[in-house]
Amino acid sequence: MADTNDIQTFVQPYVVPEGSDELNENLQAMATSFAVTDDKIREIIKGLHKSMKTGLDRDDPNALPMIPTYVSGRPTGKETGTFLALDLGGTNLRVCQVTLKGDTTYSLVQQKFTITQEAKEVRLWDFIAECVGVFLEEHDLHPAPGKRTIPCGYTFSFPIYQTGIASGNLSMWNKSFTVPNSVGRDVVNLTQSAFQRHHVAVEVVAVLNDTVGTLMTSGYSHPDTQMGIIFGTGTNAAYWERLENIGKWAGSDRKGEMVVNLEWGAFDNATEVLPYTAHDNKLNRKSSNHGLQVFEKMISGLFLGEVARNAILSLVDQRLIFGGRSSEILNKSYTFDTAYMSEIVADASPDLEGVRVVLEGTLDIPPTSLVDRKVVQHVCNMIGTRGVRLSAAAMSAVLLARPELLTSSVSVGIDGSMYQFYPGFEANLYAVSRVFLGADFVDNRLKLHLAKDGSGVGAAIVAMTVDRDRQR
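What comes next is a walk through the structure. (Residues numbered from 1 in each chain as written. Predicted model: local features only at pLDDT ≥ 70, side-chain atom pairs only at ≥ 80, totals over all residues. Heavy atoms only, no water.)

### Examining the overall build of the protein
The criterion, for reference: Secondary structure follows DSSP: runs of H or I at least 4 residues long count as helices, runs of E at least 2 residues long count as strands, and numbering of each begins at the N terminus. Just to be clear, the radius of gyration here is over C-alpha atoms, and the globule rule we use is 2.2 Å times residues to the power 0.38. In what follows, a contact means two residues having at least one pair of non-hydrogen atoms within 4.5 Å. To be clear on the numbers: accessible area is Shrake-Rupley with a 1.4 Å probe, and residue cover counts the displayed protein chains and nothing else. All tallies of charge rest on Lys and Arg as positive and Asp and Glu as negative; His and the ends of each chain are not included. To locate a charge, take atom NZ for lysine, CZ for arginine, CG for aspartate or CD for glutamate.
Counting its regular elements, the protein contains 17 helices and 13 strands. The C-alpha radius of gyration of the protein comes to 23 Å, within 12% of the 23 Å expected for a compact globule of 472 residues. Taking the principal axes of the C-alpha coordinates as reference, the protein spans close to 75 × 45 × 40 Å. Long-range contacts, defined here as pairs at least 24 residues apart, represent 69% of the contacts in the protein between residues at least 6 apart. Accessible surface computed for the protein: about 19,000 Å², of which carbon and sulfur atoms make up 49%. A distance of 4 Å separates the average location of the 43 positive side-chain charges in the protein from that of its 54 negative side-chain charges.

This is the structure in structure tokens:
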């Protein structure tokens, strides 16, 4: 690998020989602003460790939340049973019936409901109840004999302050959700009340974050799983921490482990460490959660396309591409989808025909030149490269927080569209983390696994443990 402490490593690829000197000067300045050198990653890892330690010791608005999840006991892959699970994400609500087979495998019956804009802004809780009611009716599901309700695990993919295995107060909305009268309230109570209003015979027995679900699902198939990560519409991570290291844990038991939810999207909201650019600032100041989730806005699918749109328009405004022209579509916020970035970065055709189709066919840009298309591809590559290097920095920091585990095999369960679909994302996670975790560990003992749809199965696994403990 090239020396990634040399800023020229990040600048040199982004030269367009056919372009003007002014264009190339602007491209190189932009590449410099988005560059994440190895030394910068070391600085970020150090900052993450400091924020993690403070967050484990006490609740501090300037540190990572480091939320104890009340989930303890690693899955073995031998658990059995059939359970209901809800998975509320940024785009969809999934209702699942999960059967754990006891041999590290499982089967899944699920139905996906697209979350309407009205639900995101006003009536989310009733929307959830209506969807669960539809699923129960279509699959003819009823409480077990002698029971009044069906036990259910609830993956809630937004920041909550967990107060029990089945209770957690919403810390804040993100992913463009703005439902009123919700922040600071127990999301299980809000959901359970909607179930009662709609006569849905389901009881939420466990609430967890999507990263905890991903961790538990990966752990069911790979018992050496230490982390669960979401690299998708949003981003977050959860990991196994020793209880003796969780200073703010109020429980009497200080032995064993517990899953901790980092909420790492909130890292460095003060922008003291991260490579923050004018294009990030423009996105941030126009967002509904201005000044919050700064790290998430640099690496997650909801925001990367918008950062790229801002950067592209800055070049348009200087009349360096597209002849200074844009389109009504491109002028609107969040119209340059991160999926377009994936298509653009992956285009290896000589005339960048795929890039042309996105720009002219999808975004209605006037006819583009090959130079225009090369510039847009370069901009997407800069921002995508920054995203994956920051992602690898965060993953490495969390694994380095438990150095005693790195002598053995370690699995990391990952879900999300960025990990699945962004070109070269997994390969670059390995390559970048190799520098900081060591070649021997990464090449021989670190395994990254796609925990596809993991949040639903993970919720069922946790629900199973709660239901089993109740019966005991």
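### Considerations on the packing of helix α2 (residues 21-34) against helix α13 (residues 370-400)
The condition is simple: To define axes, lines are fitted to C-alpha atoms, for helices over the stretch in contact only, and angles between the resulting N-to-C directions are given on a 0 to 180 degree scale. Throughout this description, any angle smaller than 35 degrees is read as roughly parallel, any larger than 145 degrees as roughly antiparallel, any in the 65 to 115 degree range as roughly perpendicular, and the remainder as oblique. Two helices cross in a left-handed way if the nearer one is turned anticlockwise from the farther one by less than a right angle. They cross in a right-handed way if the turn is clockwise.
Where α2 meets α13, the axes come as close as 9 Å, and the angle between the chain directions of the two elements is 15°. When the axis of α2 is compared with that of α13, the two are roughly parallel. Crossing of α2 over α13 shows right-handed handedness. Residues L23, L27, M30, A31 and F34 of α2 touch α13, and the partners they reach there are V371, V375, H378, V379, M382, I383 and R386.

### What to know about the sheet that holds strand β8 (residues 202-208)
As a reminder of what qualifies: Note on pairing: two strands pair once DSSP finds at least 2 bridges between them.
With mixed pairing, five strands are arranged side by side in an open sheet as β4-β3-β2-β5-β8. The two strands at the open ends of the sheet, each matched to only one other strand, are β4 (106-114) and β8. Averaged over all adjacent pairs, the angle separating strand axes in this sheet is 25°, with direction ignored. Strands β2 (80-88), β3 (92-101), β4, β5 (150-156) and β8 of the sheet are contacted by helix α17 (residues 454-471), whose axis makes an angle of about 125° with β2.

### Topic: the nonpolar core
How we decide: The criterion is simple. A nonpolar core is a set of buried Ala, Val, Leu, Ile, Met, Phe, Trp, Tyr and Cys residues joined through side-chain atoms within 4.5 Å. For every residue, the accessible area (1.4 Å probe, protein chains only) is compared with the maximum for its type, and the residue is labelled buried under 20%, exposed over 50%, or partly exposed between those bounds.
Among the nonpolar cores identified, the biggest contains 92 residues, and M227, F231 and W264 are the most heavily contacted of them. No other element matches the 16 residues that α13 contributes to this core. With sequence-adjacent residues up to four places away left out, M227 is seen in contact with L215, A237, A238, Y239, W264, M395, V398, L399, S411, V412 and G413. Ranked by size, the runner-up nonpolar core spans 37 residues in total, among them L88, V132, L136 and L141.

### Considerations on the pattern of salt bridges
Note the threshold: Any Lys or Arg side-chain nitrogen located within 4 Å of an Asp or Glu carboxyl oxygen qualifies as a salt bridge.
For the structure shown, the criterion picks out 20 salt bridges. Put simply, K248 and D59 hold a salt bridge, and the shortest N to O gap is 2.9 Å. With K248 in the loop between β10 (235-242) and β11 (257-261) and D59 in the loop between α3 (38-57) and β1 (67-68), this pair connects stretches of sequence that are 189 residues apart. Given a relative accessible area of 47%, D59 falls into the partly exposed group. Because the salt bridges share partners, they merge into one network encompassing R74, E257, R402 and E404.

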